[in-house]
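Each chain, written out:
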Amino acid sequence: MIESFVALLFCVEVKNNNEKGKKMVREKIQIKKIDNVTARQVTFSKRRRGLFKKAEELSVLCDADVALIVFSATGKLFEYTNSRFLSIPLPIIILRILVDFKLC
């Protein structure tokens, strides 16, 4: 049974301030669709890797059962599951998640 379900989105941009004695400051970025297709694909790839890394960290640090499913704009499937789910086929994992969270 899945005990925890957490989605984390980090929306920050680092502002470089070269003045002497000043620290780097994190600023919120405006969340909107990226118009440039290449930039959008690069951002998707980087954020997907970051999200998968956070899912793995959550699994290890909190001993949580984690299953992460991401579809790209082109419909390509990306997935992460911790070791407990490795032997279970993906459609069964999806069904288990839906049942556990009473979504079906």
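Here we summarise the structure given alongside this text. Just so it is clear, the model here is predicted, and its values are computed rather than measured. Here, residues in each chain are numbered from 1, in the same order as that chain's written sequence. The model is predicted, so local features are restricted to residues of pLDDT at least 70 and side-chain atom pairs to those at 80 or more, both for listing and for counting; the totals for chains, interfaces and linings are taken over all residues. Side-chain measures were taken over the full set of non-hydrogen atoms in the model, leaving aside hydrogen atoms and water.

Considering the nonpolar core
Then comes step 1: Take the buried Ala, Val, Leu, Ile, Met, Phe, Trp, Tyr and Cys residues and link them wherever side-chain atoms come within 4.5 Å; each set so joined is a nonpolar core. Relative accessibility under 20% of the residue-type maximum defines a buried residue, over 50% an exposed one, and the middle range a partly exposed one, all with a 1.4 Å probe and only protein chains included. In this structure, F52, A55, A64, V66, L68, V70, F78 and Y80 together form the largest nonpolar core, which totals eight residues.
Then comes step 2: In this text, helices come from DSSP runs of H or I with a minimum length of four residues, and strands from runs of E with a minimum of two, each type numbered from the N-terminal end. When contributions to this core are tallied by element, the ones reaching two or more residues are α1 (37–62), β3 (67–71) and β4 (77–81).

Structural notes on α1
Then comes step 1: One fewer than the residue count of a helix, multiplied by 1.5 Å, yields its expected span. Its 26 residues give α1 an end-to-end C-alpha distance of 37 Å, which sits within 8% of 38 Å, the value for a rise of 1.5 Å per residue.
Then comes step 2: Residues are treated as being in contact if the distance between any of their heavy atoms lies within 4.5 Å. Close packing links the buried residues of α1 with β3 and β4.
Then comes step 3: Side-chain atoms alone can form a polar contact between residues adjacent in sequence; in general such a contact is a pair of N or O atoms within 3.5 Å, and within protein one must be able to donate a hydrogen while the other accepts it. The N-capping residue of α1, defined by a side-chain oxygen 2.9 Å from the backbone nitrogen of T38, is N36.
Then comes step 4: D63 lies just past α1 and shows a positive phi near 50°.

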